[in-house]
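Observations on the model geometry
Each chain, written out:
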Amino acid sequence: MSDTANPAAGVSDEEEKSRRDFLIVATSVVGGLGTALAVWPFVHSMNPAKDTLAMSTTEVDLEPIEEGQSITVTWQGKPVFVRNRTADEIEVARSVKTADMIDPESDEDRVQKDEWLIMVGVCTHLGCIPLGQKASEPKGDYNGWFCPCHGSHYDTSGRIRKGPAPKNLPVPAYQFLDDTTVKIG
Amino acid sequence: MSSKFFENPVIKWVEYRMPVFTFLDHSLGSSYPTPKNLNYWWNFGSLAGLVLVIMIVSGIVLAMNYTPHVDYAFESVERIMRDVNYGWLIRYIHMNGGSAFFICVYIHLFRGMYFGSYKEPRELLWILGVFILLAMMATAFMGYVLPWGQMSFWGATVITNLFSAIPFVGDSIVTLLWGGFSVDNPTLNRFFALHYLLPFVIVGLVVFHIWALHMHRSNNPLGVDVKGPEDMIPFHPYYTVKDLFGMGVFMVLFMFFVFYAPNFFGEPDNYIKANPMVTPPHIVPEWYFLPYYAILRAFTTDFFLFQIVSLGGFLMDAKLAGVLAMFASILLLLLLPWLDRSKVRSNRFRPINLWFFWIFFIDCIFLGYIGGKPAEGSFIIMGQIATTYYFAHIVILIPLISILERPKPIPESISSAVTSAGH
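Remember, predicted model here, so these are calculated numbers, not experimental data.

**Some thoughts on unusual backbone geometry**
Residue and element names in this part refer to chain B. Glu120 connects to Pro121 through a cis peptide bond whose omega is 5°. The step from His236 to Pro237 runs through a cis peptide bond, and the omega angle for that step is 10°. Structurally, Pro237 can be placed in helix 11 (residues 235-260). A positive phi angle is found at Tyr86, which is not glycine, with a value near 60°.

Listed below in structure tokens is the structure:
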């Protein structure tokens, strides 16, 4: 057993040294890499679990929502604003120049059907829920939504126009199953 | 400890196998020499330690009756208040203990700044202290989420959303923190696990903090090094008694709040159960986070400091800048030992720095006031001015004053400061 470590057995000091260096480096690399990879299951266990992911779509019946009304539905634990917009609101949302906006986006890109504005009702600043869903609530300077937490104003297309929020209210993936039913997610 | 104590055969038996009594004696006994001129501002370290013990003891008992589930958390806290024997007392102790902890630690921190305790050779001691503060903040934030009231939920939402400001990976990090797509049951569960863990991390950091303290011992109000045994007195009985006296005074004040104003530091909104569909009109964090909250909110697109640090919005948006500024406001303290180039520790001998210390102190209080006000009108401007001063003080004024100021003559030693004054 001690033969390998014995220079007299025909292995020179130099060779012995480089062999040990190689073994130390190889062991450290394999051990280090293995430990680093073992971290992943622990980190990933904190990501959304399968049952959380499974509850990821919501169907909405649009029938009872009249023109100029909004409803809030829950999707993935977050509120989704569904608004039946008036012709006036659509007109205002489309006539304004997008170039000067904080997050330029045209109204056409944010809706599938002109009157139905569907978006996640979570302020893109720090996650509060903007006011403006009910007629009695403040709608901000642009007649859309207003976040009371840090004063972000959204327009009738849900675009950020004034305040600290960096992005427009996000439009989730959705599809119309028929004329009066929409599936979000 | 007396030599008679060490002659006891049982003590001898233990000492031979593990010299635990010698260790204690050298740590806080008669064999630990301490500067003889420490004033009452030096009580707040031991007071913070006392509160840490109170928090751990009350917290463990509360955990025995708390349920970390979104459907039961709020109710289980109410059950603690109404049905559990002395549950109301223990919860009020834990609730107010959080505030008491921050009061002690903030006084301790400003004491260190006033008397230059962070300077060579105590830099690591100071840095460990900043780490303790950061760990305390994480613990307090997660603890506040557990009762699952409206402020719990929306505070958690706002603070976890801060991480979404990080470029590219921000949203993935937030999802990872939540364990879902919003603050929900998985979030509450992990916050409970971490809230239970972190206090013991703090205990570990405190051990290192005290280890570093014992290397070069306490600073003192004069800020001059001890020159010999004539400048020192044994820790026991002199400072054990003084610390115990301080603890007595502290407990009177603390229990006053626990018994007579238990909700003084709290927000009434947190007695409303969390509702993910309704944001309270005015979200405020606990008082000890208000200055940082003011700094976070000061960064709007038109704030000139934002225009400078982001190169006119080129490098980052205002949200990210606010988040970075908030973290920087604490992390910059780590550099204090090197930003302050003055060799003189105590502000008693630094006439100009003394003034700016107090301006900085008032600025911090003022930031706290702004942080509790809604972000509108003149509050925004005042918050931006106070934020600018905060950073200007640490990054510009401290180094500049330390180079330009001419300090008053410092005494040769702690003893000579007394004897040469004609005593």
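**Comments concerning helix 4 (residues 44-63) of chain B**
Residues and elements named next belong to chain B. Taking 1.5 Å of rise per residue, 20 residues should cover 28 Å, and helix 4 covers 28 Å from first to last C-alpha, within 8% of that figure. Taken together, the buried positions of helix 4 are Phe44, Leu47, Ala48, Val51, Leu52, Ile54, Met55, Ile56, Ser58, Gly59, Leu62 and Ala63. Where helix 4 is buried, its residues touch helix 5 (73-82), helix 6 (87-114), helix 10 (185-216) and helix 11.

**Considerations on the packing of aromatic side chains**
Residues and elements named next belong to chain B. Scanning the entire structure with this criterion turns up 46 aromatic pairs over all chains. With centroids separated by 5.0 Å and ring planes inclined at 85°, the aromatic side chains of Phe110 and Phe361 adopt a geometry described as edge-to-face. One end of the pair, Phe110, is in helix 6; the other, Phe361, is in helix 16 (residues 351-371), and 251 residues separate them in sequence. Phe110 gets classed as buried once you look at its relative accessible area, which sits at 15%. Phe361 sits in the partly exposed class, given a relative accessible area of 27%. Their ring planes at 85° and their centres at 5.6 Å tell us that Phe256 and Phe257 sit as a pair that is edge-to-face.

**Points about the sheet that holds strand 1 (residues 58-61) of chain A**
Residue and element names in this part refer to chain A. With antiparallel pairing, the three strands of this open sheet are ordered in space as 1-9-8. The sheet terminates laterally at strand 1 and strand 8 (174-178), the two strands that pair on one side only. Along the sheet, successive strands turn relative to each other by an average axial angle of 25°, direction set aside. Taken together, the four bridges between strand 1 and strand 9 (residues 181-184) define a ladder with antiparallel strand orientation. Bridging across to strand 9, Val60 finds its partner in Val182.

**Focus on the packing of helix 12 (residues 290-298) of chain B against helix 14 (residues 318-331) of chain B**
A packed helix pair is summarised by two numbers, namely the angle formed by the two axes and the spacing between the axes. All names here are of chain B. Following both chains from N to C, one finds helix 12 and helix 14 inclined at 145°, their axes separated by 7 Å at the closest point. Once helix 12 is placed against helix 14, the crossing between them reads as right-handed. The segment helix 12 lies against helix 14, with Tyr292, Ile295 and Leu296 engaging Gly322, Val323, Ala325, Met326, Ser329 and Ile330. Classifying every residue of the contact of helix 12 with helix 14 gives seven nonpolar, two polar and no charged.

**Considering the sheet that holds strand 5 (residues 145-147) of chain A**
All names here are of chain A. The antiparallel open sheet is built from three strands, whose spatial order is 5-6-7. Since the sheet does not close on itself, it has two edges, and those belong to strand 5 and strand 7 (160-162), each with one partner. Strand-to-strand twist in this sheet, taken as the mean axis angle between neighbours without regard to direction, amounts to 35°. Sheet analysis places strand 5 next to strand 6 (residues 152-154), joined by three bridges and oriented antiparallel. The partner of Cys147 across the bridge, within strand 6, is Ser152.

**What to know about the pattern of salt bridges**
Residue and element names in this part refer to chain A. Counting across every chain of the model gives 17 salt bridges over all chains. Among the salt bridges present, the one from Lys113 reaches Asp179, with a minimum N-O distance of 3.6 Å. Highlighted residues: Lys113 in the loop between helix 3 (87-95) and strand 4 (116-120) and Asp179 in the loop between strand 8 and strand 9, separated in sequence by 66 residues. Look at the salt bridges and you will find they share partners, linking Arg85, Arg94, Asp107, Glu108 and Asp114 into a network.

**Side note on the interface of chain B and chain A**
Between chain B and chain A, the contact holds 23 residues from the first and 23 residues from the second. Approximately 2,100 Å² of surface area, both sides summed, lies buried where chain B meets chain A, with 65% of it carried by carbon and sulfur atoms. The largest share of the area that chain B buries against chain A comes from Phe181, Met277 and Lys319 of chain B, three residues that together contribute 33% of it. Inspection of the chain B/chain A interface yields zero salt bridges. Counting across the interface, chain B meets chain A through six residue pairs in polar contact (both at pLDDT 80 or more). Of all the secondary-structure elements, those providing two or more residues to the side of chain B that touches chain A are helix 8 (150-161), helix 9 (170-178) and helix 12 of chain B. Ranked by residue count, the leading element in the side of chain B that touches chain A is helix 8 of chain B, at four residues. Of the residues belonging to the side of chain B that touches chain A, the class tally is twelve nonpolar, seven polar and four charged.

**Some details on the state of the cysteines**
For the structure shown, the criterion picks out one disulfide over all chains. Each sulfur of the disulfide joining Cys128 of chain A and Cys149 of chain A lies 2.1 Å from the other. As the torsion about the S-S bond is roughly -100°, the Cys128 of chain A-Cys149 of chain A disulfide counts as left-handed. Placement of Cys128 of chain A in the loop between strand 4 and strand 5 and of Cys149 of chain A in the loop between strand 5 and strand 6 is noted, with a sequence separation of 21 residues between them. Here Cys128 of chain A and Cys149 of chain A have matching classes, each one buried. We note that Cys123 of chain A lacks a disulfide partner, and the nearest cysteine sulfur, in Cys147 of chain A, lies 3.8 Å from it. The closest cysteine sulfur to the non-disulfide-bonded Cys364 of chain B is located on Cys104 of chain B, 18 Å from its own sulfur.

**Describing the pairing of strand 2 (residues 70-75) of chain A**
All names here are of chain A. Of the pairings in the sheet, the one linking strand 2 to strand 3 (residues 78-84) comprises six bridges and is antiparallel in character. Residue pairing across strands places Trp75 opposite Lys78, the latter belonging to strand 3. Where strand 2 folds back onto strand 3 in an antiparallel hairpin, the turn is made up of two residues, including Gln76, whose phi is positive at roughly 55°.

About the cut-offs
Counting of residues starts from 1 at the beginning of each chain's written sequence and follows it residue by residue. By the order in which they are written, chains take letters starting at A while ligands take numbers starting at 1. Selection of residues for local features in this predicted model requires a pLDDT of at least 70, selection of side-chain atom pairs for listing and counting requires 80 or more, and totals for whole chains, interfaces and linings are taken over all residues. In computing side-chain properties, one takes all heavy atoms of the structure into account and sets aside hydrogens as well as water. Helix numbers and strand numbers start at the N terminus; a helix is a DSSP run of H or I with at least 4 residues, a strand a run of E with at least 2. For a helix, the expected span equals 1.5 Å multiplied by the residue count minus one. Only protein chains enter the accessibility calculation, which uses a 1.4 Å probe; a residue whose area is less than 20% of its type maximum is buried, one above 50% is exposed, and one in between is partly exposed. Residues are treated as being in contact if the distance between any of their heavy atoms lies within 4.5 Å. Stacked, tilted and edge-to-face pairs are distinguished by plane angle, under 30 degrees for stacked and over 60 for edge-to-face with tilted covering the rest, among Phe, Tyr and Trp rings (Trp via its six-membered ring) whose centres lie within 6.5 Å. What makes two strands pair is DSSP finding at least two bridges between them. For every element, the axis is a line fit to its C-alpha atoms; helices are fit only across the contacting stretch, and the angle between N-to-C directions ranges from 0 to 180 degrees. Working rule for handedness: look at the near helix, and if it is turned counterclockwise from the far one by less than a right angle, call the crossing left-handed; if clockwise, right-handed. Polar here means any residue outside two lists: the nonpolar Ala, Val, Leu, Ile, Met, Phe, Trp, Tyr, Cys and Pro, and the charged Asp, Glu, Lys and Arg; Gly therefore counts as polar. The rule for a salt bridge is simple: a side-chain nitrogen of Lys or Arg has to be within 4 Å of a carboxyl oxygen of Asp or Glu. Joining two parts hides part of their accessible area as seen by a 1.4 Å probe, and the buried area is that hidden amount summed over both. In protein, a polar contact requires one atom able to donate a hydrogen and another able to accept it; more generally it is a pair of N or O atoms within 3.5 Å, and residues adjacent in sequence count only if both atoms are side-chain atoms. To count as a disulfide, a pair of cysteine sulfur atoms needs to be within 2.5 Å.

Note that every value here comes from positions in space, so none of it alone points to a role or purpose.
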